[in-house]
Structures are given as C-alpha cells and as structure tokens.
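# A look at the structure
As a plain string of letters, each chain reads:
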Amino acid sequence: DSGVTQTPKHLITATGQRVTLRCSPRSGDLSVYWYQQSLDQGLQFLIHYYNGEERAKGNILERFSAQQFPDLHSELNLSSLELGDSALYFCASSPRGGGHGYTFGSGTRLTVV
Amino acid sequence: EDQVTQSPEALRLQEGESSSLNCSYTVSGLRGLFWYRQDPGKGPEFLFTLYSAGEEKEKERLKATLTKKESFLHITAPKPEDSATYLCAVLYLRGGGADGLTFGKGTHLIIQP
C-alpha cells in the first residue's frame, strides 16, 4: 500500500457520459498530480494541484477538469467521454511540488464502451 | 518529438545475467531524472531520483547513473522478481510553470529462472 488511495479501481461507462475519479493523497502530502496511461501514449501528465490550488496543466483535454478540496483529496472529472479516453488514470502525491519522489496510487481503469 | 527515449523496449534475461537499461533525454534545464518500476495493473513504484551528471544511486541489485544526456539503470545478477516495466521520467523547466514528470515509454524486463 503506497498510501495514495484511488477509487474506484475499475469503471465501465458509455460514450458521452461523465465520470468522477477520486484520489486521497498520502498523509501530509500537499501536492496531487493526475496522469493518464494508455498503451500507445504511455504515462501523460494531466494536471497538478498544490494545497487546493491549480499549479500546472499538462496534456489535459478541455472535457477534463479537476479540483482539490480543503481536506486535500482530489477529484478528476471526465465528461463527454469518447472511446479514446479508455485508459488507466493515476494519481500521485508528494510533500511539495516538483523535484521530489512522487508516490503513485494503484490507478483507476476506465473503459468507455 | 520524444523528449525521453528508453531502450530497449523489451529485454529478456536469464536469472543472474546482468544488463543495463538506457534512458536518453533531450530536454534542457533538467531538475531531476526519476526511475520507477511498474508491475502489471499497478501504479509506478519510485526507485531513484538523480539530480546532476555524475550522480549514482544504488538499491539492492539496481544502480542508476546519470550523464548530461542519458541515464542508465544497471541490474546486477537479476532475479525473477525483478521482472517489471522500468520507467524513466524527467522533470525540467518548462514555460508556464508546468512541473509534471515527462515519462519514457518504458523497458519491459523479463527475468527467466
């Protein structure tokens, strides 16, 4: 157990739908990062939150959004889902931002049918 | 273009047969190079961070080294439990303050008993 908790572990939904993925960071970690892993693209950075504020965006689509709440858990919202959004979504946390060992959760496997 | 390239894509070794994995990068303003291990269906597990050329770090049968353009992960006398995908990632100065890791596509390592 890495200390980073992601729910749900698996999610199957239809095209056009909206889903929410949840992440609880390791105790004491203020930064939460979201990554998408697909077979052809590998691990892609989506977005970074630090202590409730958005810090940086990577290759995140406009249909996707995220937020970090006062208790530091984070949610990734995916809307108007397409078949190509099927992937593993990972959350990682670290004590601060950048330059440190990030701890990853076990991921949410999203299948869009 | 790919900024982080890992080679080989796949490697099959006999137990006890030492080898090296390569990670080359083309980014400037490197803030850190990370190695992770990922088992099927799980999140990446942090192994090492290297910050400057010439730096080396060791952990059990693994040793990571860094030059100005590449990093090597040396595996000495590997065991079957070392079988996994090894991921390399870089953190570098980017416009807009983006600070997520940029990953290579990994080397899939199989150690046969």
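A brief report on the enclosed structure follows. (Residues numbered from 1 in each chain as written. Chains lettered and ligands numbered in written order. Predicted model: local features only at pLDDT ≥ 70, side-chain atom pairs only at ≥ 80, totals over all residues. Heavy atoms only, no water.)

Now for the side chain of His 48 of chain A. All names here are of chain A. Checked against the element boundaries, His 48 lands in strand 5 (residues 42–50). We classify His 48 as buried; its relative accessible area is 0%. Here the side chain of His 48 touches Ser 31 through a polar contact of 2.9 Å, side chain to side chain. (Helix = DSSP H or I, 4+ residues; strand = E, 2+ residues; numbered from the N terminus. Buried < 20%, exposed > 50% of the residue type's maximum accessible area, 1.4 Å probe, protein only. Polar contact = N/O pair within 3.5 Å; in protein donor to acceptor, adjacent residues only side chain to side chain.)

Okay, the state of the cysteines next. Residue and element names in this part refer to chain A. Using the criterion set out here, one finds two disulfides over all chains in the structure. Disulfide pairing is shown between Cys 23 and Cys 91; the S-S distance is 1.8 Å. Linking Cys 23 and Cys 91, the disulfide has an S-S dihedral of approximately -45 degrees and is accordingly described as left-handed. Separated by 68 residues along the polypeptide, Cys 23 in strand 3 (residues 19–24) and Cys 91 in strand 9 (residues 87–94) bring together distant segments of the chain. No difference in accessibility class separates Cys 23 from Cys 91, as the two residues are buried. (Disulfide = S-S within 2.5 Å.)

A few words now on the pattern of salt bridges. Residue and element names in this part refer to chain B. Here the structure, examined in full by the defined rule, presents seven salt bridges over all chains. For Glu 55, the salt bridge is made with Lys 57, and the minimal N-O distance between the two is 3.8 Å. Overall, the relative accessible area of 19% leaves Glu 55 in the buried class. With a relative accessible area of 30%, Lys 57 lands in the partly exposed category. (Salt bridge = Lys/Arg side-chain N within 4 Å of Asp/Glu carboxyl O.)

A few words on the sheet that holds strand 8 (residues 70–75) of chain B. Residues and elements named next belong to chain B. Pairing within the open sheet is antiparallel, and its five strands lie in the order 1-3-8-7-6. The open sheet has two edge strands, strand 1 (4–7) and strand 6 (56–59), and neither has a second partner. Within this sheet the neighbouring strands show an average axis-to-axis angle of 15 degrees, counted without direction. Here strand 6 runs beside strand 7 (residues 62–66); their pairing, made up of four bridges, is antiparallel. The residue bridging Glu 56 from the neighbouring strand is Thr 65, located in strand 7. (Pairing = 2+ DSSP bridges. Axes fitted to C-alpha atoms, helices over the stretch in contact; angles between N-to-C directions.)

What follows covers the interface of chain A and chain B. Listed as interface residues are 21 residues of chain A and, on the opposing side, 21 residues of chain B. When chain A packs against chain B, the two sides together hide about 1500 Å² of surface, and 56% of this comes from carbon and sulfur. Scanning the region where chain A abuts chain B turns up four residue pairs in polar contact (both at pLDDT 80 or more). Listed by contribution, the elements that provide at least two residues to the side of chain A that touches chain B are strand 4 (31–38), strand 5 and strand 6 (53–57) of chain A. Across the side of chain A that touches chain B, the residue classes tally to eight nonpolar, 10 polar and three charged. (Contact = heavy atoms within 4.5 Å. Buried area = accessible area lost by both parts, 1.4 Å probe. Nonpolar A, V, L, I, M, F, W, Y, C, P; charged D, E, K, R; others polar.)

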